[in-house]
Amino acid sequence: MFVLVVLQDTLKIVPSEFRKTRQDALKDEINAKYSNRVLHDIGLCMVVHDLLEIDEGFVQHSEGWIWVKVKFRVIVFRPFADEILVGRIRSASPEGIQVTMGFFDDIQIPADQMPVGSEFNATEGVWVWRFEGNELFLDLDEPIRFRVLDSLFLDVSPPRPKVGGMDSGIPVSHPPPYSLMCSINGDGLGLLSWWE
Amino acid sequence: MEVLDRQEALLTNHEVYIVLKEEEDRHKATKIAENIKYPENVTTLQFEALQYLNDSPCVTQSSKQISQIKELLMAYDLTKAEVLQIINLRPKTPVELHLIIEECSERFTIEGLDELLELILSALPQDEHDEAAEDDGDEASKKNGNGAPMDVETQGDLS
């Protein structure tokens, strides 16, 4: 589920960081900039893996910090299609269930990818799989094994400011920049407890 | 910012775990030495990712085991992605192998799969409880020796 991506960027080291070694300062800058952030079409950046090339650095006229051009490798979360992963059920609705892996939440299993014979139980608020006379509940927070079908990258540029200015005060939910569409329809998929 | 290679390599969960653990140790050391605060995105990701990986089979693996099993799996005709998933998920049943290996029933016999499961069991030992207890035992004895304030902080991680 993790890949190594080679990036090149120019980062700045401010004077308060001069006490660190060049490597440490750059690693900290890279992590501050990329950790837990989604790069479009790349995935969720986790942490820097190593630095490949560092140039001498230059100080811009009238600035007090050093700009350093670095070539580095970063660990990115980007599962491939058909990969099998394990997560926990976060929430359920008639449209399907949402799964979380802790560090990554935007995993959807739509209703048509649930096991054949399952349906949403509105009173309990969870999905139920009716299999061979048994009622198997997909309770929240249960560990679940799923197959990745597709990943979706959305361009989330900041919205243009509205004319006349004021926020309505209601939080707007933005679509996630990176989400996975998955399935639990198949032998071995679904709650881990079903297959033990 | 330029992307030079979108996928230079695939990493096992274990490799990522090692990198995160080293960063965590480095952060702990600098926190004590200099009392600096790391940005929220860094600490959140580190905490959540380690929490996830701590619950996965990669915690009890070692680089030696991984290179060993890679060698052993070369005898089977498996793709890179299949080998990676075997290492990450550590399947114990034929059902799990059917999920990981494409067209499994065409490429392998039932005996072949049982053999593969045996291989996985021996190359990547599954007695997590024993191994974890051993690791905790070692760590606990080290930390008790030091008695430094950081013990209080780290206890929370050993859940």
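Scroll up a little and you will see the structure.
Residues numbered from 1 in each chain as written. Chains lettered and ligands numbered in written order. Predicted model: local features only at pLDDT ≥ 70, side-chain atom pairs only at ≥ 80, totals over all residues. Heavy atoms only, no water.

As for the overall build of chain A
Across its full length, chain A carries one helix and 14 strands. In terms of C-alpha radius of gyration, chain A reaches 22 Å, well past the compact-globule figure of 16 Å for 196 residues. Overall, the C-alpha framework of chain A stretches about 75 × 50 × 25 Å when taken along its three principal axes. Here chain A holds 196 residues, and the buried ones make up 42% of them. Intrachain contacts of chain A at a sequence separation of at least 6 include 65% that bridge at least 24 residues. Put simply, chain A shows about 10300 Å² of open surface, and 51% of that area lies on carbon and sulfur atoms. (Helix = DSSP H or I, 4+ residues; strand = E, 2+ residues; numbered from the N terminus. Rg over C-alpha atoms; globule rule 2.2 N^0.38 Å. Buried < 20%, exposed > 50% of the residue type's maximum accessible area, 1.4 Å probe, protein only. Contact = heavy atoms within 4.5 Å. Areas by Shrake-Rupley, 256 points an atom, 1.4 Å probe, with all protein chains shown as cover.)

Structural notes on the overall build of chain B
Along chain B, the regular secondary structure elements total nine helices and one strand. Of the regular secondary structure in chain B, the N- to C-terminal order runs β-α-α-α-α-α-α-α-α-α. Expressed as a percentage of its 159 residues, the buried residues of chain B come to 39%. Sequence separation of 24 or more characterises 63% of the internal contacts of chain B that already satisfy a separation of 6 or more. Here chain B has roughly 9400 Å² of accessible surface; of this, 51% comes from carbon and sulfur atoms.

Digging into the packing of aromatic side chains
The relation between two aromatic rings is expressed through the spacing of the ring centres and the mutual angle of the planes. Applying the stated criterion across every chain yields a total of twelve aromatic pairs over all chains. Measuring from ring centre to ring centre gives 5.1 Å for Phe77(A) and Phe104(A), while their planes differ by 50°; the resulting arrangement is tilted. Here the residue Phe77(A) occupies a position in strand β5 (residues 66-77), and Phe104(A) occupies one in the loop between β7 (96-100) and β8 (107-110), the gap between them amounting to 27 residues. There is no split in this pair, since Phe77(A) and Phe104(A) are both buried. Counting every residue linked through ring pairs, the aromatic cluster contains Phe2(A), Phe77(A), Phe103(A), Phe104(A), Phe153(A), Tyr178(A) and Tyr52(B). We note Lys12(A) situated over the ring of Trp65(A); from NZ or CZ to the ring centre the distance is 4.4 Å. (Phe/Tyr/Trp six-rings, centres within 6.5 Å; stacked < 30°, edge-to-face > 60°. Lys NZ or Arg CZ within 6 Å of the ring centre and 35° of its normal.)

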